[in-house]
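# Understanding the architecture of this molecule
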Amino acid sequence: MAEDTIIDVRDVHKTFVSETKRTLWNRLTGRHHVEKRVEVLKGVDLVVHRGETIAILGSSGSGKSTLLRCINKLETIEAGRIYVNGHLIGYEERDGELIAEKASITAQKRTDIGFVFQHFNLFLNKTALGNVMAPLRDVKKLSAAEARSVAVPNLEMVGLADKMENYPSKLSGGQKQRVAIARALAMEPSVMLFDEPTSALDPELVGEVLAVIKKIAQQGTTMVIVTHEMQFARDIADRIVVMDQGVIVEEGPPSRIFTAPQHPKTRALLSRSGILPA
Amino acid sequence: MDFINNTFAVFPALLVAVPVVVQLALGAMLLALVLGLLIALARISSFSVLRGVATFYLEVIRGTPLLVQLVYIFFVLPSIGVEIEPVPAGILGLGLNYAAYLSEVFRSAILSVEHGQTEAALSLGYTPTKTLWKVVIPQSFVVSMGPIGNYFIAMIKDTALTSVIAVTEILKTANILNSQTFQTTAIYTAAAILYLIISLPLSRIVVVLERKARANG
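From a predicted model like this one, the values you see are computed outputs, not experimental measurements. All residue numbers refer to positions counted from 1 along the written sequence of the respective chain. Working convention: letters from A go to chains and numbers from 1 go to ligands, in the order in which they are written. The predicted origin of the model limits local features to residues at a pLDDT of at least 70 and limits the giving and counting of side-chain atom pairs to 80 or more, whereas totals for whole chains, interfaces and linings rest on all residues. With hydrogens and water stripped out, all remaining heavy atoms of the structure feed into the side-chain values.

## Some thoughts on the overall build of chain B
Helix and strand assignments come from DSSP, with helices taken as H or I runs of at least 4 residues and strands as E runs of at least 2, each series counted from the N terminus. Across its full length, chain B holds nine helices and zero strands. Put simply, chain B runs from its N terminus to its C terminus through helices and strands in the order α-α-α-α-α-α-α-α-α. With respect to the three principal axes, the spread of C-alpha positions in chain B is 70 × 50 × 25 Å. A burial count over chain B gives 43% of its 217 residues as buried. Note on definitions: a residue-residue contact is assigned when non-hydrogen atoms from the two residues lie within 4.5 Å. Counting only contacts in chain B whose residues sit at least 6 apart along the sequence, the fraction spanning at least 24 positions is 76%. Roughly 11,000 Å² of accessible area belongs to chain B as shown, and the carbon and sulfur atoms make up 70% of that amount. Residues scored as positive are Lys and Arg, those scored as negative are Asp and Glu, and His as well as the terminal groups of each chain are ignored. Throughout, a charge is located at the NZ atom of Lys, the CZ atom of Arg, the CG atom of Asp or the CD atom of Glu. Positive and negative side-chain charges of chain B, numbering 12 and 10 respectively, have mean locations separated by a distance of 10 Å. The rule is simple: take the accessible area with a 1.4 Å probe, protein chains only, and divide by the maximum for that residue type; under 20% is buried, over 50% is exposed, in between is partly exposed. Where accessible areas are quoted, they stem from the Shrake-Rupley method and a 1.4 Å probe; at the residue level, only the protein chains shown are allowed to cover.

So this is what it looks like as structure tokens:
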């Protein structure tokens, strides 16, 4: 593994299994044991280097969010390996087999991976400041004063110095997402993962969140962003990764992907977004 | 006017019983909160034995009258050598009973906390146990405030049942007064008013708590 490799995803496979609901009708018709299997990741390889900004594009159902969620073990995987900073995530390897590791060890590894959700997921019973301070106190075991001295500059960085005492119910979507970003950043992770950070926002609030993400990218933070914002991806990403039906179909610098895409799925995606002529 | 004057006159004699009611209600509520939370956690745990025990407890408590439970603790337990004074027996009976009902409040409140809150905590490096105690349970308490308050008021009224196990709370005190003075109307009217004086302000507080919980939700 190269010195500057932060994320190393190797041949990852992931299947969602859903069982038919045990309703009376399904039982009468003998359908209660039917299970649906959907393979969402069919062997994905991805290497992210220190300081890189990667944007993952793809239509819905392409597996891009699932891949991101696997990287910090919010989803289990069936096969393959995911390393972050050299640590195998979520599993121990014994004689080539993956064995689930202790939850406390996974938790320890997750402190090194920042994650920003589409729906913000701020702690509803805490203020903006309380949200950023909570993991510093509960996970990093900092004192209240220390946690505060880390949290405040992070909230200032995302432009919310005047909203620190507000509860999430008194913040706009864009403000909530910026608090969520500050909360993840305050843990000083090696990498930040963004899962469609602007998809749940009103159009007029998208800009303020993208501006913050861009600012973080310019500070040299390693990040992976799953997004539908094509122009934004082109603007800030060092490398674009295009996914379709559980595999990476194409990757490369935005200058090439956006002007001379090789794969038909990439072309279809770009023309649907109006970047390439149809 | 005699009736009103008589009602006022018996009030001081009944007020003596208020500290007993407070003692019963606070003691039993504390027991019910702690035990109720434990039962709720057992009911959602992944250990089937724990789930089974908790569900069995719930069914037994909910399927038998509180009055019978109190009588059982006070009159039946001594036959196997467990003698409990009236007030502790009352606290135990009320507490064990309300724990079952509060566990259902906690359980549904815990399950109502959005999965996104759990995922956020996990992604920040909280262990599953820490996520439960630091993120999920504090939020479920906010949701539970209103129902807990309502059960507390109900419990204060149910303290009257402990009169049958020799606790000199308001009703028992009224019974004693009645057997001495035979001012039946005045005594029981005063007792009813006393319960109202205690429960009305409390139900106002519950309304405020519920409104606050909704505002931050």
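## What to know about the packing of helix H2 (residues 18–44) of chain B against helix H3 (residues 48–62) of chain B
In a packed pair of helices, the relevant descriptors are the angle between the two axes and the axis-to-axis distance. All names here are of chain B. Closest axis-to-axis distance for the H2/H3 pair is 7 Å, and the angle between their directions is 130 degrees. Regarding the angle of H2 to H3, the classification is oblique. For the element pair H2 and H3, the recorded crossing hand is left-handed. Across the interface between the two elements, Leu35, Ile39, Ala42 and Arg43 from H2 touch Leu50, Arg51, Ala54, Thr55, Tyr57 and Leu58 from H3. Residue polarity is assigned by list, with Asp, Glu, Lys and Arg as charged and Ala, Val, Leu, Ile, Met, Phe, Trp, Tyr, Cys and Pro as nonpolar; anything else, Gly included, falls into the polar class. For the contact of H2 with H3, the per-class residue count stands at seven nonpolar, one polar and two charged. To define axes, lines are fitted to C-alpha atoms, for helices over the stretch in contact only, and angles between the resulting N-to-C directions are given on a 0 to 180 degree scale. Angles are sorted into four bins: roughly parallel if under 35 degrees, roughly antiparallel if over 145, roughly perpendicular if 65 to 115, and oblique for all others. Left-handed describes a crossing whose near helix is turned anticlockwise from the far helix through less than a right angle; right-handed describes the clockwise counterpart.

## Details of the interface of chain A and chain B
Chain A puts 26 residues into the contact, and the matching count from chain B is 21 residues. Summed over both partners, the interface of chain A with chain B buries about 2,000 Å², with 55% contributed by carbon and sulfur atoms. Salt-bridge detection follows one rule: a side-chain nitrogen of Lys or Arg within 4 Å of a carboxyl oxygen of Asp or Glu. Taken together, chain A and chain B are joined by two salt bridges. With a closest N to O distance of 2.5 Å, Arg69(A) and Glu119(B) form a salt bridge. Two N or O atoms form a polar contact when they lie within 3.5 Å of each other; inside protein one atom must be a possible hydrogen donor and the other a possible acceptor, and for residues adjacent in sequence the pair counts only when both atoms belong to side chains. Across the contact surface, chain A and chain B share six residue pairs in polar contact (both at pLDDT 80 or more). Among the elements of the structure, helix H3 (103–110), strand S8 (113–116), helix H4 (128–138) and helix H6 (173–185) of chain A are those that each provide at least two residues to the side of chain A that touches chain B. It is H3(A) that contributes the most residues to the side of chain A that touches chain B, four residues altogether. When its residues are assigned to classes, the side of chain A that touches chain B shows 15 nonpolar, six polar and five charged. Accessible area that two parts lose when put together, evaluated with a 1.4 Å probe and summed over both, is termed the buried area.

## Details of the pattern of salt bridges
Oppositely charged side chains may form a pair once their charged atoms are brought near each other. Residues and elements named next belong to chain A. Counting across every chain of the model gives 18 salt bridges over all chains. In this structure, glutamate 92 and arginine 94 form a salt bridge, with 3.3 Å as the shortest nitrogen-oxygen distance. For the salt bridge of glutamate 101 with lysine 109, the shortest nitrogen-to-oxygen distance reads 2.7 Å. Residue glutamate 101 shares its accessibility class with lysine 109, and that shared class is buried.

## Some points on the confidence of the model for chain B
Scored from 0 to 100, pLDDT records how confident the predictor is in each individual residue. Scored by pLDDT, chain B has a mean of 92; 98% of the residues are at 70 or more. In the model output, the complex is listed with pTM 0.85 alongside ipTM 0.91.

## What about the side chain of Arg43(B)?
All names here are of chain B. As for its position among the elements, arginine 43 is in helix H2. A polar side-chain atom of arginine 43 sits 3.2 Å from a polar atom in the side chain of threonine 55. Within the structure, arginine 43 has its side chain in polar contact with the side chain of glutamate 104 (distance 3.1 Å). When neighbours within four sequence positions are excluded, arginine 43 is seen to be in contact with Arg51, Ala54, Thr55, Leu58, Glu104 and Arg107.

## Points about the sheet that holds S8(A)
Residue and element names in this part refer to chain A. The strand order S8-S9-S10-S3-S11-S12 describes an open sheet built from six strands, whose pairing is mixed. Either end of the sheet is taken by a strand with one partner, and the two such strands are S8 and strand S12 (247–252). When strand polarity is set aside, the average angle formed by the axes of neighbouring strands in this sheet is 20 degrees. Both strand S3 (residues 53–57) and strand S11 (residues 239–244) contribute to a ladder of four bridges, which runs parallel. By definition, two strands form a pair when at least two bridges between them are found by DSSP.

## Things to note about the sheet that holds strand S5 (residues 87–88) of chain A
Each strand in a sheet pairs with another by means of backbone hydrogen bonds, the pair being arranged parallel or else antiparallel. Residues and elements named next belong to chain A. Here we have four strands laid out as an open sheet, ordered S2-S1-S4-S5, and antiparallel in their pairing. At either margin of the open sheet sits one strand with a lone partner, and together these are strand S2 (35–49) and S5. As judged from the two bridges shared by strand S4 (residues 79–84) and S5, these two strands associate in the antiparallel manner. Residue pairing across strands places tyrosine 83 opposite leucine 88, the latter belonging to S5.

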